[in-house]
There are 4 protein chains.
Amino acid sequence: MSLNTFGRLLRVTTWGESHGPNIGAVVDGCPPGIALGEADIQPWLDKRKPGQSRHTTQRRESDTVRILSGVFEGRTTGTPISLIIDNEDQRSKDYDEVARAYRPGHADYVYDAKYGLRDWRGGGRSSARETAMRVAAGAIARKVIGNIGIRAHLVELGGDRTTRFVAPHLETSALACADPEAEERWVALLDKARRAGSSLGAVVEVIASGVPAGWGAPVYAKIDADIAAAMMGINAAKGVEIGDGFAAARLTGEENADAMRPGPGDDGSGGGPDFDSNHAGGTAGGITTGQDLIARVAFKPTSSIRTPVDTITADGRATTIATTGRHDPCVGIRAVPVVEAMMALVLADQMLLHRAQCG
Amino acid sequence: MSLNTFGRLLRVTTWGESHGPNIGAVVDGCPPGIALGEADIQPWLDKRKPGQSRHTTQRRESDTVRILSGVFEGRTTGTPISLIIDNEDQRSKDYDEVARAYRPGHADYVYDAKYGLRDWRGGGRSSARETAMRVAAGAIARKVIGNIGIRAHLVELGGDRTTRFVAPHLETSALACADPEAEERWVALLDKARRAGSSLGAVVEVIASGVPAGWGAPVYAKIDADIAAAMMGINAAKGVEIGDGFAAARLTGEENADAMRPGPGDDGSGGGPDFDSNHAGGTAGGITTGQDLIARVAFKPTSSIRTPVDTITADGRATTIATTGRHDPCVGIRAVPVVEAMMALVLADQMLLHRAQCG
Amino acid sequence: MSLNTFGRLLRVTTWGESHGPNIGAVVDGCPPGIALGEADIQPWLDKRKPGQSRHTTQRRESDTVRILSGVFEGRTTGTPISLIIDNEDQRSKDYDEVARAYRPGHADYVYDAKYGLRDWRGGGRSSARETAMRVAAGAIARKVIGNIGIRAHLVELGGDRTTRFVAPHLETSALACADPEAEERWVALLDKARRAGSSLGAVVEVIASGVPAGWGAPVYAKIDADIAAAMMGINAAKGVEIGDGFAAARLTGEENADAMRPGPGDDGSGGGPDFDSNHAGGTAGGITTGQDLIARVAFKPTSSIRTPVDTITADGRATTIATTGRHDPCVGIRAVPVVEAMMALVLADQMLLHRAQCG
Amino acid sequence: MSLNTFGRLLRVTTWGESHGPNIGAVVDGCPPGIALGEADIQPWLDKRKPGQSRHTTQRRESDTVRILSGVFEGRTTGTPISLIIDNEDQRSKDYDEVARAYRPGHADYVYDAKYGLRDWRGGGRSSARETAMRVAAGAIARKVIGNIGIRAHLVELGGDRTTRFVAPHLETSALACADPEAEERWVALLDKARRAGSSLGAVVEVIASGVPAGWGAPVYAKIDADIAAAMMGINAAKGVEIGDGFAAARLTGEENADAMRPGPGDDGSGGGPDFDSNHAGGTAGGITTGQDLIARVAFKPTSSIRTPVDTITADGRATTIATTGRHDPCVGIRAVPVVEAMMALVLADQMLLHRAQCG
């Protein structure tokens, strides 16, 4: 992937900083003739929008997306789709401290090290605000891939894992949690962390259902590699696993084998064979098997905490810094729609790649 | 990344199948004037070579690399470097079963699903034999990045973790294990698995030391994303994490903060600030911090096991298959030099990207 | 180059249609720390702006550019630079005819053939309005390449060639013509064509001075190939030549040889050897020689003419069409700043590629 | 395009130098299931092979191609196709002079300027020997695009143009000339040039018939731009034009209009409308119209002449050089199959791009 472009054939280029006038994306390579309007995109943005509960940042952004090009009479034309969202609630004064000193765990120091200067207002380009455009582009990708369902949810927050999956609960959960009991515990954890000026990590699981067998490639364009890059490129992501992931390393070959039987059957494998299990998470040899495609992403606790931490100033002197701006106590929560969007972008790109090569 | 090409500026394109006449790679974009000969590449290949102990496949390959282009009077010319290795010890007859039926967990089924045909001899393109060319290309990447040390080792095998790091032990370990006691236990695990016709998973850790601060990019070309794609694209990889990785999701923001102090000090941060810790694994905001760059990769137990598993034939009938070819009981062992090579390729590519943009 | 992206390292992605709300570009990969404001871009846009004389279209656009991202406190940050220009003077009703029938020589038919639909308002994406964003991006590229002078001018209009080059005349010429006598003749040709509802072709020459020796590459990234793609991708371009171009095919090897002498001398070769001539146009083997880089681009007469031409309707019936919208009688005139911009973009991209590989 | 890779989806990476052990190409992204063997490639190489008449270089190369990967049981597998040709008749001693001094018009000087060193044996990477691999890859591209005919021929040699097209004559012409009278004159011109130790330029025309309407893209991936890059990237090319090209710049809008009538008719437009003419050369707005796709490429007279020319040594002193190696008196002749191959590669890549986006 290029610096600010994701994808090979469905290519998304995002731009914009946290405290600039707006943020945007250009989606190039979209197939023509797809029904598309702002109403197809806005609901996904609303899921990611800040300020929807006390558990996310209190920055107020309507995140209203406008389509500036590439759509004519309600259908995509095959030319670039330009998307824009205005920034509305910048408070750059919250960031005077950030101009002066580097926040540990943030991009402040490395931007100076790399570029020799940085836009410190709200974290500039390193702000998670950029992920709004991924969600917007992901909404288009969903239209491209059609009847593939993509659903992400939190399976772990602050080290506390879910133990069951109640689909209806997930629909209404403010924490993208499918386990009612876990959610109760997590609310308590989050309230405690917020009061303490601390933050918590989380693990997001994403499942794509209805992916046909055959998408991906044998070596460097493995769908596994694309998913890994897509997810690890989200702010605060520190780990990605597919199927059983790290747990697979503790199984034997027999335990890990996904035995096959003549299909099509009732396991959602899209007309291919039936599989007895899905340790692999829907991919073999870099190519989809037709089973559910499953990945998990670990998010660190945000570095924006009110507790003072030792650091240095931009001119190299010792100091401490505490983050006083408005921040999410657990960035993993709002990462859920971003993880879904990145999965949609990977799948749409691989769909087009597959269609190009294999017709 | 393209189908069979890795990298943007230092671009490696590999070709070849397990049982074809040879395998090869073209390394394009290499800076000129670098001293390079086969002797710079062969030692890394020898580390990966099969048949060096009873713990790896008994296929006998000398894996002798030849440079066919791009080097003149012992120095790179800036034009493509073509590398080739002859295949010597194919036994395609071992694979008659594979022609007939799909091995669960292997690429057999998905290749047919994608391409409508497959080279079943030794797994064709999906064989880990392709990784020899990554190791060869990685040897060139090491020359490009100069004094950066890259060292990988196993931290877990069959679910059993190392508890200490004894550098001299690692130098001679046949299992790339830095913990003498763990190695003893692992030998027993491997012997048991081999006798049982089973296989084991493993986790490989890789550390790059001496990486300057400032390599990487803020969004889709994050060095984290590149590492994730590079590692997840290795055969049998199911998970990647950077720094504390999945464990970071269980820390609080204070615990995870890598506090900074005026440097340069003695923490290897290359003239930048000192860091009190390295939970982040050497990267922040997608850009290197100057600390050690640390990643871990989970490898599943190979699906090539002697235990019969239910599967289907290429024409969709139920059958069972047992793998009788020569295989590694733990592919994680021979993945160690591959992980190192992929890290070298990521770093060399990002070094050139950084030099392009920032001079 | 990708569909709507130009460049490898300095990457320009443009978006927008003739009659949409705005047009824009995202410039990614720009080196950090470059002083940049709208005032650096606007003058180049003003050169291309329509409606400046009776010889160009009477569409009135202020073409005021705004920078939405990537610049902080007057300097580039290394992150994507988003540029936007509002469309102000659309008259879509002029295009009712175009909705109904295909204009020969235009993209109307092929867009329907390719995409199954088209935005017919003002030509949609195929309008030369897109070239405004190339000029804006080219202004940034000029800052990247520093002290390289790029100057284009018309050397032929309506089949009538210039015979001399008077630099001061070019500065004030409304026709980008450096030959005062030719300009007088061209004014008469243009007035006649406009009255006749006809249009004229032209040839633009571009010269880049101060390009160092060594930019480019031996094979597919030859600077010649990049220039050819850049120029042939401009609307209405039908031919590109470098140095003596097609005339070189009529010379002998001796006549065409650019003999070299020890330098540096006074031929502008930047410290390298002196050359007795520059038939090659500043490139050999795909790489710059340090001499002036010279290319010429042929532009067809625009297909937008008032004379009725036989054509078909979108549903395949015979009809005739005459273009009644506001159009340039000779698109070659306003192509001059576009040609300059594309040369700047090629050079900036190759400069970064060279710096990446050769330091 | 990358340094040594051509194409986006059908990607050809070539490697090798004139006097290395071999030259090769890796063709990635080829659709699976295409019947392919060496016998499909060799005939095209034989057309380009040197030493077939007294009008081309006397270097003797059998140019026997071998397929090393990507084909199984006579069909492409969708994985990289590695092609190799051994170099057989190097005479590096012919090049001692070249090691010492720079040949004007050759890449000698610029390679040193760029890379700081060069493989001077036979011109190294800058030798036209690389084009053999383009021809080999082009043979695969022809299989990908199926029933599209691609035919190139010389329309001008030494400034002398053909005036008629006799298809059967072209089939047997040693000069790729379709005009029997012109060929007689050209033989005399070539003999005279060879005796004089001189060289001649040429113009090659290429026609692709049967290309469907709709391939290409509106802006930077215009098929025109791809053709321009492909052709200008051939050794010794100095100009490219499409359709009427530079002559179109001398027409009026009415003269240049390609009027359309309801089709399908007998003009080869593949089921679309009939066109009264084809000034455009088969493309409008960057996209194919379904008419014949026509381009012309100007080749300079080779700089390898026996007449001494002033130059400098590698250490900057004045000298003269005469080329004594074996060379083509008119490189345009052997460029004919290369031009065809590049057209095939452009079309195959655009076909896959079109299929990806538009299904």
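I will try to describe carefully the structure that is included in this document.

Cut-off values and rules
- Residues numbered from 1 in each chain as written.
- Chains lettered and ligands numbered in written order.
- Predicted model: local features only at pLDDT ≥ 70, side-chain atom pairs only at ≥ 80, totals over all residues.
- Heavy atoms only, no water.
- Helix = DSSP H or I, 4+ residues; strand = E, 2+ residues; numbered from the N terminus.
- Buried < 20%, exposed > 50% of the residue type's maximum accessible area, 1.4 Å probe, protein only.
- Polar contact = N/O pair within 3.5 Å; in protein donor to acceptor, adjacent residues only side chain to side chain.
- Contact = heavy atoms within 4.5 Å.
- Pairing = 2+ DSSP bridges.
- Expected span 1.5 Å × (residues − 1).
- Least-squares fit on C-alpha atoms with pLDDT ≥ 70 in both.
- Phe/Tyr/Trp six-rings, centres within 6.5 Å; stacked < 30°, edge-to-face > 60°.
- Axes fitted to C-alpha atoms, helices over the stretch in contact; angles between N-to-C directions.
- Buried area = accessible area lost by both parts, 1.4 Å probe.
- Salt bridge = Lys/Arg side-chain N within 4 Å of Asp/Glu carboxyl O.

As a further point, take the side chain of B:Asp226. All names here are of chain B. Mapped onto the elements of the fold, aspartate 226 is located in helix H7 (residues 223–232). Aspartate 226 sits in the buried class, given a relative accessible area of 5%. A distance of 2.9 Å separates polar atoms of two side chains, one belonging to aspartate 226 and the other to glutamine 350. When near neighbours in sequence (up to four residues on either side) are disregarded, aspartate 226 contacts Arg8, Ala221, Val346 and Gln350.

All right, on to the pairing of strand E18 (residues 318–321) of chain A then. Residues and elements named next belong to chain A. The alternating pattern of E18 places Thr319 and Ile321 on a buried face, while none of Ala318 and Thr320, on the opposite face, is buried. Where strand E17 (residues 309–312) and E18 come together, four bridges link them in antiparallel fashion. Bridge pairing in E18 links aspartate 310 to threonine 320. If you look at the hairpin formed by E17 and E18, you'll find five residues sitting between the two strands, and glycine 316 has a positive phi there, around 90°.

Residues and elements named next belong to chain C. Helix length check: helix H4 (residues 131–145), at 15 residues, gives a terminal C-alpha distance of 20 Å against a target of 21 Å (1.5 Å per residue), a fit within 8%. Within H4, 14 of the 15 residues are buried, leaving the element largely enclosed by the surrounding structure. One or two residues past the end of H4 sits glycine 146, with phi positive at roughly 70°.

Looking now at the relation of the copies chain C and chain D. Two copies of a chain can be linked by a rotation about an axis combined with a shift along that same axis. Mapping chain C onto chain D is achieved by rotating through 180° and translating by 0.0 Å along the same axis, at an RMSD of 0.0 Å. In symmetry terms, the pair is related by a two-fold rotation axis. The residues that chain C uses at the interface reappear at the interface of chain D in 100% of cases, marking a shared surface.

The next point concerns the packing of aromatic side chains. Under the counting rule described, the total for this entry stands at 22 aromatic pairs over all chains. When the ring of A:Phe275 is compared with that of B:Tyr109, the centres are 6.3 Å apart and the planes differ by 65°; the resulting orientation is edge-to-face. In this pair, A:Phe275 is assigned in strand E13 (residues 274–275) and B:Tyr109 in helix H3 (residues 108–115), connecting two distinct chains. On the accessibility criterion, A:Phe275 (11% relative accessible area) is buried. Aromatic side chains D:Tyr111 and D:Tyr115 sit 5.7 Å apart centroid to centroid with 75° between the ring planes, which places their arrangement in the edge-to-face category. You can see D:Tyr111 and its partner D:Tyr115 sitting in helix H3 (residues 108–115), four residues apart, about one turn around the helix. Look at D:Tyr115 and you get buried, because its relative accessible area is 6%. Each residue in the set A:Tyr102, A:Tyr109 and B:Phe275 is aromatic and connected to the rest through ring pairs, giving one cluster.

What follows concerns the sheet that holds strand E3 (residues 22–28) of chain B. All names here are of chain B. Here five strands make up an open sheet; going across it, the order is E1-E2-E3-E7-E4 and the pairing antiparallel. Each of the sheet's edge strands pairs with one partner strand only, and the pair in question is strand E1 (5–6) and strand E4 (65–67). Here strand E2 (residues 11–16) pairs with E3 via six bridges, running antiparallel. Bridge pairing in E3 places valine 12 opposite valine 27. With respect to the sheet, helix H1 (residues 38–48) is in contact with E4 and strand E7 (81–86), its orientation differing from that of E4 by roughly 155°.

Pairing is antiparallel in the open sheet, where ten strands are placed in the order E9(A)-E8(A)-E10(A)-E16(A)-E11(A)-E11(B)-E16(B)-E10(B)-E8(B)-E9(B). With partners counted over all chains shown, the strands left at the sheet margins are strand E9 (160–161) of chain A together with strand E9 (160–161) of chain B, one partner each. Running over the sheet, helix H9 (residues 331–358) of chain A touches strand E8 (149–157), strand E10 (202–209) and strand E16 (293–299) of chain A and is turned about 145° from E8(A).

The next point concerns the interface of chain C and chain D. Buried accessible area, meaning the area lost when the parts come together, often serves as the stated size of an interface. If you look at the interface, chain C gives 103 residues, while chain D gives 103 residues. Interface of chain C and chain D: buried area, both sides summed, is about 7,700 Å²; carbon and sulfur atoms make up 64% of it. Sorting the residues of chain C by area buried against chain D places C:Lys114, C:Tyr220 and C:Lys238 first, and these three jointly supply 12% of that buried surface. Measuring nitrogen to oxygen at the nearest pair gives 3.4 Å for the salt bridge that ties C:Arg261 to D:Asp310.

Mapping chain B onto chain C is achieved by rotating through 180° and translating by 0.0 Å along the same axis, at an RMSD of 0.0 Å. When the interface residues of chain B are mapped onto chain C, 100% of them again lie at the interface, so the same face is used by both copies.

This part takes up helix H6 (residues 180–195) of chain D. Residue and element names in this part refer to chain D. If you check H6, its first and last C-alpha atoms are 23 Å apart, about what 16 residues at 1.5 Å a residue would give, namely 22 Å. Among the residues of H6, Pro180, Ala182, Glu183, Trp186, Leu190, Asp191 and Ala193 are the ones counted as buried. In the core, the buried residues of H6 are packed alongside strand E8 (149–157), strand E9 (160–161), helix H5 (167–172) and helix H9 (331–358). Where H6 begins, one side-chain oxygen reaches toward the backbone nitrogen of glutamate 181, 3.1 Å away; that side chain belongs to aspartate 179. Directly beyond the C-terminal end of H6, a positive phi value near 65° is found at glycine 197.

Everything listed here is a matter of coordinates, which is why it stays silent on function.
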